[in-house]
Amino acid sequence: PKSLNIIHLKGQHFDAALRYPKSFEKFKPDDIRQQALDEEQKQQVAHYDNATLYNDYVLKSIIDKFRDKNAIVIYLSDHGEQIYDEPSHLFGRGFDTTDKEETIKAVYQIPFMIWCSNEYINKSKEVVKAIREVKDNEICTADIAYLLFDIADIDFNYNIKSKSFIDNSFVPHKVIIN
């Protein structure tokens, strides 16, 4: 009656051209408006955009599988990328000791989403209320496990309630990246 499904998507890792089927090839280099990029760079941006389009399609498909169930879907990326973003036009990701704010934000500030089915919303009003109250807060992915314990109402000796960002006792991590 209860289950936890963990699905790891291929996402938009390099080479992004390999991360989507040809039927999702919507963006072309001519669609990329960054004047400072050459044709090869614009093609890489287009591939990344197509991989993002496909990733969004896969995420929607997963949500659709749970739409008529008592379900909650949590989505997050493992890291971000720089795809010739302004102002430096860097490409890739760096987990090294870079102190460039642009690189740090691109790699470490990632998408995070919580989606709840209508049935879940109706049956879990307090959890949904708690989620809505913190929807604009910055969080740390290290706390995701505690969020899952909280949502599933799992408690154990080493559970730290103050690490679940929907718990009233939540203590945020020091924000290193603004």
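In this text, all values refer to a predicted model and were calculated from it rather than measured experimentally. (Residues numbered from 1 in each chain as written. Predicted model: local features only at pLDDT ≥ 70, side-chain atom pairs only at ≥ 80, totals over all residues. Heavy atoms only, no water.)

Novice: Any chance you could break down the overall build of the chain for me, citing the residues and the numbers?
Specialist: Assigned secondary structure in the chain consists of five helices and four strands. Helices (α) and strands (β) of the chain occur, in sequence order from the N terminus, as α-β-β-β-α-β-α-α-α. At a minimum sequence separation of 6, the contacts of the chain that also span at least 24 residues come to 61%. When the accessible surface of the chain is summed, it comes to about 12100 Å², and 52% of that surface belongs to carbon and sulfur atoms. Here the chain contributes 23 positive and 29 negative side-chain charges, whose respective centroids are spaced 6 Å apart. (Helix = DSSP H or I, 4+ residues; strand = E, 2+ residues; numbered from the N terminus. Contact = heavy atoms within 4.5 Å. Areas by Shrake-Rupley, 256 points an atom, 1.4 Å probe, with all protein chains shown as cover. Lys, Arg positive; Asp, Glu negative; His and termini not counted. Charge placed at Lys NZ, Arg CZ, Asp CG, Glu CD.)

Novice: Any details on the nonpolar core? Residues and values, ideally.
Specialist: One broad trend across soluble globular proteins is that nonpolar side chains are buried collectively. Formed by 13 residues in total, the largest nonpolar core has its most connected members in Tyr120, Val127, Ile151, Phe165 and Ile166. By residue number, the principal contributor to this core is helix 4 (residues 125-133), which donates four residues. In this structure, Tyr120 is in contact with Lys69, Asn70, Ala71, Ile72, Val127, Val128 and Ile151, ignoring residues within four places of it in sequence. If you look at the next biggest cluster of nonpolar residues, it comprises 11 residues, including Phe24, Val45, Ile83 and Tyr84. (Core = buried A, V, L, I, M, F, W, Y, C linked by side-chain atoms within 4.5 Å. Buried < 20%, exposed > 50% of the residue type's maximum accessible area, 1.4 Å probe, protein only.)

Novice: So, the side chain of Gln34: which residues are in play, and what are the values?
Specialist: Mapped onto the fold, Gln34 is located in the segment before helix 1 (39-66). Polar side-chain contacts of Gln34 include one of 2.7 Å to the backbone oxygen of Tyr84. Sequence-distant contacts of Gln34, defined by excluding residues within four places in its chain, comprise Lys42, Val45, Tyr84, Asp85, Glu86 and His89. (Polar contact = N/O pair within 3.5 Å; in protein donor to acceptor, adjacent residues only side chain to side chain.)

Novice: Outline the pattern of salt bridges, supporting the account with residue identities and numerical values.
Specialist: This model, assessed by the stated rule, comprises eight salt bridges. In this structure, the salt-bridge partner of Asp64 is Lys60, at a minimum N-O distance of 2.6 Å. Of this pair, Asp64 and Lys60 both sit in helix 1, separated by four residues, roughly a single helical turn. Linking Lys135 and Asp136 is a salt bridge whose minimum nitrogen-to-oxygen distance equals 3.0 Å. Judged by relative accessible area, which is 64%, Asp136 ranks as exposed. One continuous salt-bridge network, built from bridges that share partners, spans Lys22, Glu25 and Lys28. (Salt bridge = Lys/Arg side-chain N within 4 Å of Asp/Glu carboxyl O.)

Novice: I'd like to hear about the environment of Lys42, residue by residue, with values.
Specialist: Assignment of secondary structure puts Lys42 in helix 1. Judged by relative accessible area, Lys42 falls into the buried class, the value being 12%. Spatially, the C-alpha atoms of Lys42 and Pro29 are 4.8 Å apart, while their sequence positions differ by 13 residues. Setting aside chain neighbours within four positions, we find Lys42 in contact with Pro29, Ile32, Gln34 and Leu37.

Novice: Tell me about the packing of aromatic side chains, and name the residues and values.
Specialist: This structure, assessed with the given rule, holds seven aromatic pairs. The rings of Phe24, Tyr54 and Tyr57 are connected pair by pair, giving a single aromatic cluster. (Phe/Tyr/Trp six-rings, centres within 6.5 Å; stacked < 30°, edge-to-face > 60°.)

Novice: An account of the pairing of strand 1 (residues 72-76) is needed here, citing residue identities and associated values.
Specialist: Only one face of strand 1 is buried: it carries Val73 and Tyr75, and the other face, with Ile72, Ile74 and Leu76, is open. In the sheet, strand 1 pairs with strand 4 (residues 112-116) via five bridges, with the strands oriented antiparallel. Counted as the bridge partner of Leu76 is Phe112 from strand 4. (Pairing = 2+ DSSP bridges.)

Novice: Before we move on, can you summarise the confidence of the model for the chain with the specific residues and values?
Specialist: Confidence in the prediction for the chain averages 88 pLDDT; 94% of positions are at 70 or higher. The weakest mean pLDDT in the chain belongs to helix 2 (residues 101-108) at 76; the strongest belongs to helix 3 (residues 118-123) at 98. (pLDDT = per-residue confidence, 0-100.)

Novice: Any details on the layout of surface pockets? Residues and values, ideally.
Specialist: Within this model, the largest pocket holds a volume of roughly 1700 Å³. Taken together, 48 residues form the lining of the largest pocket, with Leu4, Asn5, Ile72, Val73 and Ile74 sitting closest to its centre. Every element with two or more residues in the lining of the largest pocket is listed here: helix 1, strand 1 and helix 5 (144-151). Taken together, the residues of the lining of the largest pocket break down into 26 nonpolar, 14 polar and eight charged. Computed from the structure, the second largest pocket encloses a volume of approximately 950 Å³. Lining the second largest pocket are 32 residues, with Tyr108, Glu138, Ile139, Cys140 and Thr141 sitting closest to its centre. The biggest single contributor to the lining of the second largest pocket is strand 4, with five residues. (1 Å grid on protein atoms, 1.4 Å probe; cavity = no way out; pocket = protein on both sides within 12 Å on 5 of 7 lines; lining within 4 Å. Points joined across faces, edges and corners; volume = space filled by probe spheres on them. Nonpolar A, V, L, I, M, F, W, Y, C, P; charged D, E, K, R; others polar.)

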